[in-house]
Amino acid sequence: MTDPADPAIIHVVDDDPDLGRAVARLLGRHGYRTQAFDTPRAMLRAQADEPAHCLVTDVMMADMDGFAFAERMRAQDPAVAIIFMTAWPTTSSAVDSVRRYGGLDYLEKPIDEGRLLAAVAEGARWSRQRRGALARLAPLTPREREVLHCLAQGMSNKMFAAALSLSPKTIEDHRAAIVAKTGASSPAALIALVREASGTDG
Amino acid sequence: MATLSPMSARPRPFRLEARAIDWRLVALLLAYPFAFKLAHMAASPWGGAHFFSLWYPAAGVRLALLWRIGARYTPVLIVEECVIQLLTGTIVWGGPEFLNQLGGVARAPAAYGLMIALVRFIERRSRSELAIAPMPFGLAAVLAPTLVSFTAGFWEWLWPGVSGTLPSQPVATTIAAFLVGDLLGVLLVAPPLLWIGTRNEEARRLMQIGRGRAVEAAAVFVFAWLLAWGLARVEPQITVTPVLIGAIWVGLRCGRLGAWIAIILSAAIILPWSAPLSASATRFALHMGLAAMAIATYLAGSFAEAQIRAREDIARRDRILFQAERLKTLRAMSVAIIHEISQPLSTLAIETRHLSALSRDPQPDLAEMRESIELVDRKAALLADMVRRLRSFGGRAVDEPSPIIVGQMLRDCAGMVGGEARSLGCAISLPPMDARLQVTGHEIELTQILLNLLRNAMLAAPGSTIEIAVESRADQVTIHVANPVPSPTPDYGGMGIGLLVARAIADAHGGTLTRDIAQGRARASLSLPRTEPSHD
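Computed from a predicted model, the values in this text were never measured in an experiment. (Residues numbered from 1 in each chain as written. Chains lettered and ligands numbered in written order. Predicted model: local features only at pLDDT ≥ 70, side-chain atom pairs only at ≥ 80, totals over all residues. Heavy atoms only, no water.)

1. Here we look at the overall build of chain B
Looking only at helices and strands, one finds 16 helices and seven strands in chain B. Every one of the 536 residues in chain B was classed for burial, and the buried ones make up 41%. Looking at chain B as shown, the accessible area adds up to about 29,200 Å², and 64% of this sits on carbon and sulfur atoms. (Helix = DSSP H or I, 4+ residues; strand = E, 2+ residues; numbered from the N terminus. Buried < 20%, exposed > 50% of the residue type's maximum accessible area, 1.4 Å probe, protein only. Areas by Shrake-Rupley, 256 points an atom, 1.4 Å probe, with all protein chains shown as cover.)

Okay, structure coming up:
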């Protein structure tokens, strides 16, 4: 499930500290490194020090509601997977949680343990992937990113040379730089990398 | 057999008992000719040279019967009236004007039947207020005598009977005499006959008269008659005017039964008084006054009853509205409780799994186990506490005032509007509160008020922070719900239906609900009497 030498980091946020700690302990038993927080603010502070892979948060909290929290979290760190849990499930908030706030799952309390574990495992995997991809893309210059973007869309050198109004020679140079920086040698590997970085893979 | 058109309102299913003989109806029809004849004879003292009588109770008997059994029995009544008049010698078989006389007898029930059929038709079809009881009966009671008197007037004019003097008599007099006689007969006799047969509980209830009102109405009525008596010594013709007003007052205060009593008492005075009078102009004036009084008084009585009914209707609707609001609140509250229960339940579920995993461990971490067990214990106690609260919620206690912890109630309310707050982009700020702060009341109703205030505040200022504040004094707790108002908005002073209900609830709890706008904030304040927590 998770590599014992390098466990995924899971943060649990619930304004009921007992429940938050119980969930954290549960995940800890399954090999994750976990930490429970009473408030979103505390978690956001911790995220800056040691970024979590996956965030399990309550939706209705007195301090800041789970959805607003998710938005802040995304702005701060796009590679964190978010799982919502709620004692007050409604269809509209279930749909919103996934479509608008990019949640991976929407769990009803009392929590189905199997489903929580599956969601967390998926979230941790997704987050690692995305984080890795973003790290590999980080050294690229803005121009190189544009070139990579066109490449990922399957355009030929000529086509995107025209689209970016660059000479085919320059494109070739950029391409070589991208391959050198990311280590993705084939066009297929480049496309996979872009998809992982955008979070649409997995 | 007529074919049923698809438009026919209610095709009556064939029923065997519909064919069975209705003995009540048979008895009524058999008794009718005798009742009719008796009433007919009772009219004779008020007869005159050119008219049969200025008061004709037989018309009342006829109208009451036709109204009760339906206009389709009109032919039976025509035959019965003709036969009884023949048998008693009022018309003579083969006499000189036999056919004219027979027609004279038959035309009255025929006209009554026609008019009743027409009124009943209007009653079924029309949606106007004319179709609402007792208006149709009132229409029939006035229109049937009108139709019959005009029929009779023109009949006599075209085909004068034995009375040779009639041609010298204006048609109008004949019509007027006939009209006054039948009107008085119908108005005095038909209503009590119909009341005797009524099984309508509501009508009976509406006819009850309170003692205070009866005394007051009687005093007014007696005073009116004393005034009339004084006037009658000067000029008999203007006599009934004060009584008319007095009787209308009685009708307004005591409904139709009071109206009828006033009319019958007036008739009991006027009729014996007018019988021996020789001046037919005076008799006319008296009887017409009596008829006018009867109509006006009945109208007043019916109006009073309609008013009572309307007021009861409004009260009933208020209750339904109130109930609906309450159910809505109750539903929101039960959702809040589910929310609250699922929280500790989640912890319990996770912890018991944890414990069972620990117990399978050959060398369990005892400290961790103890910690887990303590947590389970605490959550179980919390749940037990909630169940106690819940029990007071669903049972009879819900309708009885109970001590309510203000902080708990406010937290529940904030939770209940959480979803709406999110969709309106509002935040609800709830300060920490003294847990001993209590009020006594109906939890559902007070929750209803607070939900209302919170919703209004959020709707008035979407995207803002709604502040709840609690102020406590020795004997009073005030809950403020405040929202910012965008720039100076006029205070319309109006309150929604919800707030009207809210204010009524606050009043019922011995509290107040006020609103004010100051320094860019609109604030609703609910003050309730504070109760000391019991120390058990």
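Let us keep going from here.
2. A closer look at the overall build of chain A
On a plain count of helices and strands, chain A comes out with nine helices and five strands. For chain A, the N- to C-terminal ordering of α and β elements is β-α-β-α-β-α-β-α-β-α-α-α-α-α. Counting all 202 residues of chain A, 46% fall into the buried class. A sequence separation of at least 24 residues applies to 65% of the contacts in chain A between residues at least 6 apart. (Contact = heavy atoms within 4.5 Å.)

3. Concerning the pattern of salt bridges
Under the defined criterion, the tally for this structure stands at 27 salt bridges over all chains. Asp105 of chain A is the salt-bridge partner of Arg115 of chain A, the closest N and O atoms lying 2.7 Å from each other. Taken as a pair, Arg115 of chain A in helix H5 (residues 113–137) and Asp105 of chain A in strand S5 (residues 103–108) lie far apart in primary sequence, ten residues in all. Look at Asp105 of chain A and you get buried, because its relative accessible area is 15%. Through salt bridges with shared partners, a single ionic network connects Asp16, Asp18 and Arg21 of chain A together with Arg378 and Lys379 of chain B. (Salt bridge = Lys/Arg side-chain N within 4 Å of Asp/Glu carboxyl O.)

4. Some words on a nonpolar patch on the surface
Residues and elements named next belong to chain B. On the surface, Leu99, Phe150, Phe154, Trp157, Leu158 and Trp159 cluster together into a nonpolar patch covering about 720 Å² of accessible area. For the nonpolar patch, the element with the highest residue contribution is helix H6 (residues 135–158), accounting for four residues. Tracing the backbone through its elements, the reader meets Leu158 in helix H6. Since its relative accessible area comes to 69%, Leu158 is described here as exposed. (Patch = residues over 30% accessible without salt bridge, like charges linked within 9 Å, V, L, I, M, F, W, Y side chains within 5 Å.)

5. Remarks on the sheet that holds strand S2 (residues 33–37) of chain A
All names here are of chain A. Ordered in space as S2-S1-S3-S4-S5, the five strands form an open sheet in which the pairing is parallel. Where the open sheet ends on each side, the last strands, each with one partner, are S2 and S5. Each strand axis lies, on average, 15° off the axis of its neighbour in the sheet, ignoring direction. Note that strand S3 (residues 54–58) and strand S4 (residues 81–86) share five bridges and pair parallel. Its bridge partner lying in S4, Thr57 is registered against Phe84. The strands touched by helix H1 (residues 17–29) are strand S1 (9–13), S2 and S3; relative to S2, the strand with the most contacts, the crossing angle is about 175°. (Pairing = 2+ DSSP bridges. Axes fitted to C-alpha atoms, helices over the stretch in contact; angles between N-to-C directions.)

6. Regarding unusual backbone geometry
The residue after Lys109 of chain A, namely Pro110 of chain A, is reached through a cis peptide bond having omega -5°. At Gln519 of chain B, a position not held by glycine, the phi torsion is positive, near 50°. Along the chain, the position of Gln519 of chain B falls in the loop between strand S6 (512–518) and strand S7 (521–531).

7. Things to note about the interface of chain B and chain A
Of the residues lining the interface, 22 residues belong to chain B; the matching set on chain A comes to 21 residues. Between chain B and chain A, the buried area comes to about 1,900 Å², and carbon and sulfur atoms account for 56% of it. Looking at the side of chain B facing chain A, the largest losses of area belong to Gln343, Ile350 and Arg422 of chain B, adding up to 32% of the total buried there. Inspection of the chain B/chain A interface yields six salt bridges. When the shortest N-O distance is used, the salt bridge between Glu113 of chain A and Arg353 of chain B registers 3.1 Å. The interface formed by chain B and chain A holds eight residue pairs in polar contact (both at pLDDT 80 or more) in total. Counting only elements with at least two residues in the side of chain B that touches chain A, the list comes to helix H11 (280–360), helix H12 (366–394) and helix H13 (406–416) of chain B. Tallied by class, the residues present in the side of chain B that touches chain A amount to seven nonpolar, eight polar and seven charged. (Buried area = accessible area lost by both parts, 1.4 Å probe. Polar contact = N/O pair within 3.5 Å; in protein donor to acceptor, adjacent residues only side chain to side chain. Nonpolar A, V, L, I, M, F, W, Y, C, P; charged D, E, K, R; others polar.)

8. Brief notes about the pairing of S5 of chain A
Sheet topology places S4 of chain A next to S5 of chain A; five bridges connect them, and they run parallel. Looking at the pairing, Ile83 of chain A lines up with Asp105 of chain A of S5 of chain A.

9. What to know about the confidence of the model for chain A
On average, residues of chain A score 84 in pLDDT, and 95% of them are at 70 or above. When pLDDT is averaged over each helix and strand of chain A, the minimum, 74, is found for helix H7 (residues 157–163) of chain A and the maximum, 94, for S1 of chain A. (pLDDT = per-residue confidence, 0-100.)

10. Structural notes on the packing of helix H2 (residues 23–42) of chain B against helix H3 (residues 57–69) of chain B
All names here are of chain B. The interhelical angle for the contact between H2 and H3, taken along N-to-C directions, is 160°, at an axis separation of 7 Å. Viewed along their axes, H2 and H3 adopt a mutual orientation that is roughly antiparallel. Remark: the crossing between H2 and H3 carries left-handed chirality. The residues of H3 that touch H2, namely those facing Leu25, Leu28, Leu29, Tyr32, Ala35, Phe36, Ala39, His40 and Ala42, are Pro57, Ala58, Val61, Arg62, Leu65 and Ile69. A per-class count over the contact of H2 with H3 returns 13 nonpolar, one polar and one charged. (Parallel < 35°, antiparallel > 145°, perpendicular 65-115°, else oblique. Left-handed = near helix turned anticlockwise from the far one by under 90°.)

11. Considerations on the confidence of the model for chain B
All names here are of chain B. In the predicted model, chain B carries a mean pLDDT of 81, and 87% of its residues have values of at least 70. Ignoring residues within four places in sequence, the model shows residues 1–16, a span with pLDDT below 50, making two contacts including any to other chains. Under a pLDDT of 50 for its full length, residues 490–495 has, in the predicted model, six contacts with residues more than four places off or in other chains. The complex prediction reports pTM at 0.56, with the ipTM value standing at 0.74.

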